[in-house]
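Coordinates in review
Chain residues, written in single-letter form:
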Amino acid sequence: MHTETKILIIGGGLAGLTAALHLNKMGLIVTLIEKDTYPQHKVCGEYISNEVIPYFKWLGLDIESLAPTFISDLLFTSNLGKSIQTKLPLGGFGLSRYTIDHYLYTELIRRKVSIVHDRVVEINFTNNQFTAVTPNNTFVATYIIGAYGKRSAVDIKLNRSFINKQSPYLAVKAHYKADFPNNLVSLHNFEGGYCGVSKVENDRVNICYLASYERFKKHKNLLAFQENILYKNKYLKNIFENATSLFDAPLTISQISFERKEPVHNHILMIGDTAGLIHPLCGNGMAMAIHAAKIASELLHQRIEGHISSREALEKSYIAHWNREFKSRLKMGRILSSLLRNTKSESLAINVMIKIPFLLNIIIKQTHGKPITISS
Ligand SMILES: Cc1cc2nc3c(=O)[nH]c(=O)nc-3n(C[C@H](O)[C@H](O)[C@H](O)COP(=O)(O)OP(=O)(O)OC[C@H]3O[C@@H](n4cnc5c(N)ncnc54)[C@H](O)[C@@H]3O)c2cc1C
């Protein structure tokens, strides 16, 4: 089969779904390809920064109808039993990916946007147009937005440099029944990783951790790893011992990379994790994915309306906007993660933060953006 479309979005996570909603609102013809079905649980801490609220309102989305929890405070604990709590400058909300991705998807269906469930295996660009190949179809498009997440076989075909570098992290997530304050997100450091805990809708507690794969390998299974390593942090031990899992087994993903990526590759505008994953410790990968979707959609709209003169100018402008908005946040995320990987520097950093608490607020501000404003 052969399908033609003006704009093709590859991947229907938060970035791709948001871009499809935005472009549809602008009256543009768009097709989104997603390999999975909805709803699905995803490995994610599910704390979403309030940065996205004005933009979601502009897109006509009613997040409050999904009954998220409202989160205003951050607790940070160290492996050595120290803790620090602060107000989050902007705050956020807790909502599962199961619910929010499905909601955005149903909104797209309601707005009659074309969604194809298929897996893109290859993308080519020749004679000023793209072809995206799936096992069942070939899509021809003038523009492609890459929103296919952290890593995909497509990256290997595109020969992206990050894909050949080692990705030493494992992530684990499940929902639990547990006693936990609605307004709190807590981050707990352990040897070689950190664990986030916060509430989502329906009184469920999300416990999600990122660990060094090397350290995990030394243990028999997840339970043994948790008991031997995570429980050394007394706060985590207490949380796990008083929580009952609502999943048959936790979800896991590996090969998580925080390497630098390019926001434009082979003329594809990359958004969300496809353009770069911020360390989840910073808690705003989703807001960044949603924000990148907005930037790419606005610029594509301007290009199609003739306000941007060429494809080259579009790509240059996207790279400039992307760098301005996200480059330093990603860098700060990388610095933080390397600090906290090492027990000695972690203990030093946390002691300094406990003595000078406003430092934590500075770090939060450095890794978060401002509420996303709408210009068009
Ligand atoms: C452990 C961990 C905890 C995190 N916690 C938080 C948090 O609390 N708060 C926060 O803001 N961020 C958090 N993040 C980051 C956040 O999860 C991501 O930044 C966010 O999911 C990015 O969305 P996305 O749409 O770019 O990617 P995704 O949500 O991964 O979506 C990509 C989509 O593309 C589809 N796809 C992939 N390949 C193909 C293909 N070839 N063809 C078609 N479809 C394809 C996938 O099925 C998927 O639906 C966390 C990340 C990790 C690893």
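Below is a summary of the structure that appears in this document. Everything quoted here is computed from the prediction, not taken from an experiment. (Residues numbered from 1 in each chain as written. Predicted model: local features only at pLDDT ≥ 70, side-chain atom pairs only at ≥ 80, totals over all residues. Heavy atoms only, no water.)

Counting its secondary structure elements, the protein contains eleven helices and 17 strands. Scaling as 2.2 N^0.38, a compact globule of 376 residues should have a C-alpha radius of gyration of about 21 Å, and the protein matches this with 21 Å. Burial analysis of the protein (376 residues in total) assigns 55% to the buried set. Looking at the protein alone, contacts between residues at least 24 apart form 72% of all its contacts between residues at least 6 apart. Within the protein, one finds 44 positive and 30 negative side-chain charges whose respective centroids are separated by 6 Å. (Helix = DSSP H or I, 4+ residues; strand = E, 2+ residues; numbered from the N terminus. Rg over C-alpha atoms; globule rule 2.2 N^0.38 Å. Buried < 20%, exposed > 50% of the residue type's maximum accessible area, 1.4 Å probe, protein only. Contact = heavy atoms within 4.5 Å. Lys, Arg positive; Asp, Glu negative; His and termini not counted. Charge placed at Lys NZ, Arg CZ, Asp CG, Glu CD.)

Take Ser198: it is sitting in strand S12 (residues 193-199). Contact partners of Ser198, with chain neighbours within four places excluded, come to Gly45, Tyr47, Ile71, Phe180, Leu184, Val185, Arg204, Val205 and Asn206.

Further remarks concern helix H8 (residues 285-304). The end-to-end C-alpha distance of H8 is 28 Å, a good match for the 28 Å that 20 residues give at a rise of 1.5 Å each. Where H8 ends, the next residue or the one after it, Gly306, has phi of about 90°, a positive value. (Expected span 1.5 Å × (residues − 1).)

The subject of this paragraph is unusual backbone geometry. Here the amide bond leading from Tyr38 into Pro39 is cis, since omega sits at -10°, within 30 degrees of zero. Positive phi values are uncommon outside glycine, yet Asn159 reaches one of about 60°. By secondary structure assignment, the location of Asn159 is in the loop between helix H4 (153-157) and strand S10 (169-177). For Asn202, which is not glycine, the phi dihedral falls at a positive 60°. With respect to the secondary-structure elements, Asn202 resides in the loop between S12 and strand S13 (205-212).

Another aspect to go through is the packing of helix H1 (residues 14-25) against helix H3 (residues 97-110). The interhelical angle for the contact between H1 and H3, taken along N-to-C directions, is 25°, at an axis separation of 10 Å. Looking at the two axes, H1 sits roughly parallel to H3. Where H1 crosses over H3, the handedness of that crossing is left-handed. Residues Leu14, Leu17, Thr18, Ala20 and Leu21 of H1 form the contact with H3, whose own contacting residues are Arg97, Ile100, Asp101, Leu104, Tyr105, Glu107 and Leu108. When the residues that make up the contact of H1 with H3 are grouped by side-chain class, the tally is eight nonpolar, one polar and three charged. (Axes fitted to C-alpha atoms, helices over the stretch in contact; angles between N-to-C directions. Parallel < 35°, antiparallel > 145°, perpendicular 65-115°, else oblique. Left-handed = near helix turned anticlockwise from the far one by under 90°. Nonpolar A, V, L, I, M, F, W, Y, C, P; charged D, E, K, R; others polar.)

With respect to spatial proximity, 35 residues lie near the ligand, and among them Glu34, Gly45, Tyr47, Arg97 and Asp273 are the closest. In the environment of the ligand, an oxygen atom lies 3.3 Å from a nitrogen or oxygen atom belonging to the backbone of Glu46. Interatomic distance of 2.9 Å between a backbone N/O atom of Val120 and a nitrogen atom of the ligand. In the complex, the protein chains occlude 95% of the 1000 Å² of accessible area that the ligand would expose alone. Broken down by secondary-structure element, the contributors of at least two residues to the shell around the ligand are H1, strand S2 (30-34) and H8. Looking at which element gives the most residues to the shell around the ligand, the answer is H8, with three residues. Split by residue class, the shell around the ligand holds 16 nonpolar, ten polar and nine charged. (Near = heavy atom within 4 Å. Polar contact = N/O pair within 3.5 Å; in protein donor to acceptor, adjacent residues only side chain to side chain. Areas by Shrake-Rupley, 256 points an atom, 1.4 Å probe, with all protein chains shown as cover.)

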